[in-house]
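Close look at the chain arrangement
Listed below are the residues making up each chain.
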Amino acid sequence: MNRILIIIIAMMILMAAAASRPARAAEPFTWNECVAYATANNPELRSSREAIQQGRADVGIARSAYLPQISASLGMDVSRRESRSDLERVKTSGIQSIAELESMVRSDLTATGSVSKSASLSYGVRGKQLVFDSMKTIYDIRSASRLLDSSRYDHALTSARIRLELRTAFIDLLKAQEKITILNEIAERSRKNLALVTMRFRAGREHRGSLLNAEASLASARNDLEQARRDIAVAQRSLLKQMGVAANVDIRAEGTLAATAPGSEQKPDLSEVAAAHPGVLQAKSRSESARHAEKAKIAGFLPVISVTGSADRSASRDDGRSSVNRTGSINYSAGIEATMPLFTGGGTYYNLARAQSQTRKLRADEMEARQQVILALEQGWKDWRNAIGNVDVQRKFLDAAEERAKISEAQYSLGLMTFDSWIIIENDLSQKKKSYLEALAERSLSEARWIQARGGTLAYDQ
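Below or above, wherever it landed, is the structure these notes cover.

1. A short note on the overall build of the chain
In terms of helices and strands, the chain carries 11 helices and 6 strands. A total of 462 residues make up the chain; the buried ones form 32% of that total. Taking the intrachain contacts of the chain between residues at least 6 apart in sequence as the baseline, contacts between residues at least 24 apart amount to 85%.

This is how it looks when you write it as structure tokens:
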């Protein structure tokens, strides 16, 4: 019992020490640190980088047709032959007993049977060098190179999308953190308002409905505060996901949503921006790759000329009944090989027709991609500039609401304003604080969308 009591006391001491230990502070992350983490660890970025490596390998595969094709061979054969030519006579002889059969077989095998073994070994080297294939290989190389460029542009598009998603998650966490501050202010103001209404209610200058309304406002403010704390956990997990961090770490976004001066940036030439956009360049590279692939299919109708050469050596050994024979030879050969397809069942023709259709399709896709990028740029520019203007408007509304709240609080305290009029102004102040925070967040988000519309990647912030 004493031992159990000691264990219980020790556990209580440890639990008390754990409870008194201060909570670990959230680890702060600046925007540039988030970008560095995402660049190194985001799985989608790693996947797109591997696609580039595959494109490089495809170029090497296409280029390998111009290099010599060399192969080596090695072969060995071992055989055994047994001859029983006089056994047929045994089958046709008149045999009276088993002993006579055994005697006959034994004498025949001794007289006419023979066994021989032979072995052969051959090895050699063969080579083939392409001389002329109507430029088919050149077009294959060009097609693969343009597809490699397409993989690079696809990586840039992926990086631009991830930057937008990362920036959105970062801004959401910033907004959730600042919302906690605003809701604390609203809750504290609601608590003071409730104290004021309670004092007037006890003095007989306010009715019970006003008191219940003030209590409900305080409960709502506290509930909003608890919801905002839960929102932070979701925002943290979203930011960690975009950063490529699997662990559930308590983090904090380092920064502010405070508005800056709108700036004097002029609207750029959207056609020039679109011409350098990764989406347009990707569509263009795919179209050019299809055009080179079409030319390679045309070259498939023309002859292919190659130089061939080989060197072979063979040796054999034949072990007969009375002698051993050994033979060997060395062979060299060189030549020119020319091939030209005459009839392939229509496959070559239909492959060309398919390639021509693919070229036309990708040209149309290139035009569509350019128009979509220009539209996205126009929309992004408009939303960004509108959001900048809205921040200034919401700031003015907030300043007015704060001034009205100061005046109305004094009037209500002196009995110069009814509760219904005063509480409307108080609620409006709370709403204006929230609207200003939303406007600040939307300004940052619209800027991020504008950068993504321009094709800005994670390298934009480095």
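2. Thoughts on the packing of aromatic side chains
A ring pair, where both rings are aromatic, is described by two values, the distance of the centres and the angle of the planes. Following the criterion strictly, the structure yields 9 aromatic pairs and no others. Summarising the aromatic geometry, the rings of Phe-419 and Trp-422 are spaced 6.0 Å apart at their centres and angled 65° between planes, so their arrangement reads as edge-to-face. With Phe-419 and Trp-422 both in helix H11 (residues 419–453) and 3 residues apart, this pair spans about one turn of that helix. The class for Phe-419 is buried, based on a relative accessible area of 5%. What makes Trp-422 buried here is its relative accessible area of 0%. These aromatic residues form a ring-pair network of at least three members: Trp-381, Trp-384 and Trp-450. Seen from the ring of Trp-384, Arg-385 lies directly overhead, with NZ or CZ sitting 5.1 Å from the centre. Positioned over the ring face of Tyr-436 is Arg-395, at 4.8 Å from the centre of the ring.

3. Things to note about the environment of Ile-171
Mapped onto the elements of the fold, Ile-171 is located in helix H6 (residues 136–202). For Ile-171, a relative accessible area of 1% gives the class buried. Once the C-alpha coordinates of Ile-171 and Leu-445 are considered, the two residues, 274 residues apart in sequence, prove to be 7.3 Å apart. With residues up to four places along the chain from it excluded, the contact list for Ile-171 reads Leu-257, Ala-441, Ser-444 and Leu-445.

4. Observations concerning the environment of Ala-36
When you line up the elements, Ala-36 lands in helix H2 (residues 31–41). The class for Ala-36 is partly exposed, based on a relative accessible area of 42%.

5. Re the nonpolar core
If you look at the biggest cluster of nonpolar residues, it comprises 55 residues, and the most contacted ones within it are Cys-34, Leu-166 and Leu-239. For this core, the elements supplying multiple residues, two or more each, are H2, H6, helix H7 (208–243), strand E4 (251–253), helix H10 (347–413) and H11. With 16 residues, the top contributor of residues to this core is H6. Contacts of Leu-166, omitting those with residues within four sequence positions, involve Trp-31, Cys-34, Val-35, Ala-38, Leu-239, Gln-242, Met-243 and Leu-458. Leu-270, Ala-274, Val-280 and Trp-450 belong to the second largest nonpolar core, which has 11 residues in total.

6. Some thoughts on the packing of H6 against H11
One can describe the packing of H6 onto H11 by two numbers: an axis separation of 9 Å at closest approach and a directional angle of 170°. With respect to their mutual orientation, H6 and H11 come out roughly antiparallel. The residue makeup of the contact of H6 with H11, split by class, is 16 nonpolar, 5 polar and 13 charged.

7. Some details on the side chain of Ser-289
Counting through the fold element by element, Ser-289 comes out in helix H9 (residues 278–299). Taking the relative accessible area as the measure of exposure, Ser-289 reaches 4% and is therefore buried. Those residues in contact with Ser-289 that sit more than four places away from it in its chain are Ser-143, Arg-146 and Leu-147.

8. Focus on the layout of surface pockets
The volume enclosed by the largest pocket comes to roughly 300 Å³. In this structure, the largest pocket is lined by 15 residues; those nearest its centre are Leu-157, Gly-279, Ala-369, Gln-372 and Val-373. If you list the elements that add at least two residues to the lining of the largest pocket, you get H9, H10 and H11. A per-element tally of the lining of the largest pocket places H10 first, with 7 residues. Along the lines of polarity and charge, the residues of the lining of the largest pocket split into 7 nonpolar, 5 polar and 3 charged.

9. Side note on the side chain of Ser-48
One can find Ser-48 in helix H3 (residues 43–63). Sequence-distant contacts of Ser-48, defined by excluding residues within four places in its chain, comprise His-155 and Thr-158.

10. A look at a nonpolar patch on the surface
Judged by side-chain polarity, Leu-74, Met-76, Val-78, Leu-121 and Tyr-123 come together as a nonpolar surface patch covering roughly 570 Å² of accessible area. Sorting the residues of the nonpolar patch by element identifies strand E2 (69–83) and strand E3 (114–132) as the ones contributing at least two each. Within the secondary structure, Leu-74 is located in strand E2.

11. A closer look at H3
Taking 1.5 Å of rise per residue, 21 residues should cover 30 Å, and H3 covers 31 Å from first to last C-alpha, within 8% of that figure. Turning to H3, its buried residues are Leu-45, Ser-48, Ile-52, Gly-55, Val-59 and Ala-62. Buried residues of H3, seen end-on, are gathered within an arc of 90° and therefore sit on one face of the element. Of the exposed residues in H3, the ones pointing more than 90 degrees away from its buried face are Gln-54 and Ile-61. In this structure, the buried side of H3 is in contact with H2 and H6. The N-capping residue of H3, defined by a side-chain oxygen 3.0 Å from the backbone nitrogen of Glu-44, is Asn-42.

The rules we used
Residues numbered from 1 in each chain as written. Predicted model: local features only at pLDDT ≥ 70, side-chain atom pairs only at ≥ 80, totals over all residues. Heavy atoms only, no water. Helix = DSSP H or I, 4+ residues; strand = E, 2+ residues; numbered from the N terminus. Buried < 20%, exposed > 50% of the residue type's maximum accessible area, 1.4 Å probe, protein only. Contact = heavy atoms within 4.5 Å. Phe/Tyr/Trp six-rings, centres within 6.5 Å; stacked < 30°, edge-to-face > 60°. Lys NZ or Arg CZ within 6 Å of the ring centre and 35° of its normal. Core = buried A, V, L, I, M, F, W, Y, C linked by side-chain atoms within 4.5 Å. Axes fitted to C-alpha atoms, helices over the stretch in contact; angles between N-to-C directions. Parallel < 35°, antiparallel > 145°, perpendicular 65-115°, else oblique. Nonpolar A, V, L, I, M, F, W, Y, C, P; charged D, E, K, R; others polar. 1 Å grid on protein atoms, 1.4 Å probe; cavity = no way out; pocket = protein on both sides within 12 Å on 5 of 7 lines; lining within 4 Å. Points joined across faces, edges and corners; volume = space filled by probe spheres on them. Patch = residues over 30% accessible without salt bridge, like charges linked within 9 Å, V, L, I, M, F, W, Y side chains within 5 Å. Areas by Shrake-Rupley, 256 points an atom, 1.4 Å probe, with all protein chains shown as cover. Salt bridge = Lys/Arg side-chain N within 4 Å of Asp/Glu carboxyl O. Expected span 1.5 Å × (residues − 1). Arc of directions from axis to C-beta. Polar contact = N/O pair within 3.5 Å; in protein donor to acceptor, adjacent residues only side chain to side chain.

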